[in-house]
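Inside the fold
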Amino acid sequence: MAGKRRGKNDDKEKWSDRVTRTSDALDLQEGVFTLDDPAEIARSLKRSAEASERRKSDPYRSAMSMLTFYINRAGSKLPEERRAVLEQAKEELRRVFGRE
């Protein structure tokens, strides 16, 4: 009897989860993307990026890349309210890094 085949979405979810956990981008605070305050998300990403020894680029670029990666991977499954908070977090990230 053949094993259960996984659908295309199963592979994508596992792939993005693996990238988030093991990439050289940065070590994230657990649940950072579920926070309600965009400024708190930005501060957490900044702390993580500055403290990470695994990142390959500068802290600002690593933090912004991880935030953008999360938004893009969520795609259409990301509710508009959540997307708005995360997009505002991008603006806050620019501000906390002095890149306004």
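Residues numbered from 1 in each chain as written. Predicted model: local features only at pLDDT ≥ 70, side-chain atom pairs only at ≥ 80, totals over all residues. Heavy atoms only, no water.

1. Focus: the nonpolar core
Of all hydrophobic cores here, the largest spans 22 residues; its most connected members are Phe33, Ile41, Leu45, Leu67, Leu86 and Leu93. Breaking this core down by element, the ones donating at least two residues are helix 2 (38-51), helix 3 (59-74) and helix 4 (80-96). Per element, the largest residue contribution to this core is eight residues, and it comes from helix 3. Those residues in contact with Phe33 that lie beyond four places of it in its chain are Leu28, Leu45, Met66, Leu67, Tyr70, Arg82 and Leu86. (Core = buried A, V, L, I, M, F, W, Y, C linked by side-chain atoms within 4.5 Å. Buried < 20%, exposed > 50% of the residue type's maximum accessible area, 1.4 Å probe, protein only. Helix = DSSP H or I, 4+ residues; strand = E, 2+ residues; numbered from the N terminus. Contact = heavy atoms within 4.5 Å.)

2. Thoughts on the packing of aromatic side chains
Counting across every chain of the model gives two aromatic pairs. Considering the side-chain rings of Phe33 and Tyr70, the 4.2 Å spacing of their centres and the 15 degrees angle between planes classify their relative orientation as stacked. With Phe33 in the loop between helix 1 (8-22) and helix 2 and Tyr70 in helix 3, this residue pair connects regions lying 37 residues apart in the sequence. By relative accessible area, which is 8% here, Phe33 ends up buried. Taking relative accessible area as the criterion, Tyr70 reaches 30% and is therefore assigned partly exposed. Aromatic side chains Tyr60 and Phe97 sit 5.4 Å apart centroid to centroid with 70 degrees between the ring planes, which places their arrangement in the edge-to-face category. Linking Tyr60 in helix 3 with Phe97 in the segment after helix 4, this pair joins segments that are 37 residues apart in sequence. (Phe/Tyr/Trp six-rings, centres within 6.5 Å; stacked < 30°, edge-to-face > 60°.)

3. Things to note about the packing of helix 3 against helix 4
Orientation of helix 3 relative to helix 4, taken along the N-to-C sense of each, is 170 degrees, at an axis distance of 11 Å. Taken together, helix 3 and helix 4 sit at an angle that is classed as roughly antiparallel. Each of Tyr60, Ala63, Met64, Leu67, Thr68, Tyr70 and Ile71 in helix 3 lies in contact with helix 4, whose residues at this interface are Arg83, Leu86, Glu87, Ala89, Lys90, Leu93 and Arg94. In terms of residue class, the contact of helix 3 with helix 4 is made up of nine nonpolar, one polar and four charged. (Axes fitted to C-alpha atoms, helices over the stretch in contact; angles between N-to-C directions. Parallel < 35°, antiparallel > 145°, perpendicular 65-115°, else oblique. Nonpolar A, V, L, I, M, F, W, Y, C, P; charged D, E, K, R; others polar.)

4. Notes on the confidence of the model for the chain
Model confidence for the chain is summarised by a mean pLDDT of 83, while 75% of its residues fall at 70 or above. At the low end of the mean pLDDT range in the chain sits helix 1, at 60; at the high end sits helix 4, at 97. (pLDDT = per-residue confidence, 0-100.)

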